Amino acid sequence: MFNKSSNKKHNSDKPIICTTNGATYQKYHSYKKSYEREVFVIKDYGEDRGVTHKSVALFEAVKDQFDRFKIAKIFKEFNNANILVDSDLILIDKKGNELHLSGCSCGYSGTGPHGTLEILNKAGFEIDRRFLFCSKGFTLFHPNEEKELYGERL
């Protein structure tokens, strides 16, 4: 399934579209230079994009396909007209595999940040809702990962 050749440009087959637990998603493989191998990516898809309860359902349905998530981030991308283009919650596991959830957000006290809070807490990140409501974007390390990298919190 994985192409181990390092001389070819790595680009996987077309995404596989799946439906599980009431959520539709796509799964594909992508070569990551930082890991020097292919990883898999799961993204919510179609009419389910941007729907918080669908993102929570997808997380519940596919979380067992991942190792422990070590990084969680939301990066908001704007186009030239200053219109928000993308702001998925991206969870990255220890092996570099990624879960993209478009129904999760931050920066206000609505449904999207509440979904982000629910998912991050279920994934073991120790997050306070005030942080999510006030944050315009973030990159978080899992508490276990943070200890390995930086030692105990003061």
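1. What about the nonpolar core?
Argument step 1. Within the largest apolar cluster, 27 residues are counted, with the highest numbers of intra-cluster contacts made by Leu-89, Leu-91, Leu-99, Leu-101, Leu-120, Phe-125 and Phe-138.
Argument step 2. Counting residues per element, the ones that place at least two in this core are strand S2 (23-32), strand S3 (37-44), helix H1 (52-62), strand S4 (69-74), strand S7 (89-93), strand S8 (98-101), helix H2 (111-122) and strand S9 (138-141).
Argument step 3. Residue contributions to this core peak at 4 residues, all from H1.
Argument step 4. With near-sequence residues (within four places) excluded, Leu-101 lies in contact with Asp-44, Ser-55, Leu-58, Phe-59, Asp-88, Leu-89, Leu-91 and Ile-119.

2. Quick word on the pattern of salt bridges
Argument step 1. Going through the model one piece at a time under the given rule, you end up with 8 salt bridges.
Argument step 2. A salt bridge links Asp-44 to Arg-49; its shortest N-O distance comes to 3.3 Å.
Argument step 3. In this structure Asp-44 comes out as buried when scored by relative accessible area, which is 2%.
Argument step 4. Here Arg-49 falls in the partly exposed class, since its relative accessible area comes to 38%.
Argument step 5. For Glu-118, the salt bridge is made with Lys-122, and the minimal N-O distance between the two is 2.9 Å. Taken together, the positions of Glu-118 and Lys-122, both in helix H2 and 4 residues apart, correspond to about one turn of that helix.
Argument step 6. Overlapping salt bridges bring together Glu-60, Lys-63, Glu-118 and Lys-122 as one network.

Reading the values: rules and limits
Residues numbered from 1 in each chain as written. Predicted model: local features only at pLDDT ≥ 70, side-chain atom pairs only at ≥ 80, totals over all residues. Heavy atoms only, no water. Core = buried A, V, L, I, M, F, W, Y, C linked by side-chain atoms within 4.5 Å. Buried < 20%, exposed > 50% of the residue type's maximum accessible area, 1.4 Å probe, protein only. Helix = DSSP H or I, 4+ residues; strand = E, 2+ residues; numbered from the N terminus. Contact = heavy atoms within 4.5 Å. Salt bridge = Lys/Arg side-chain N within 4 Å of Asp/Glu carboxyl O.

Note that all results are geometric; they support no functional claim without further evidence.
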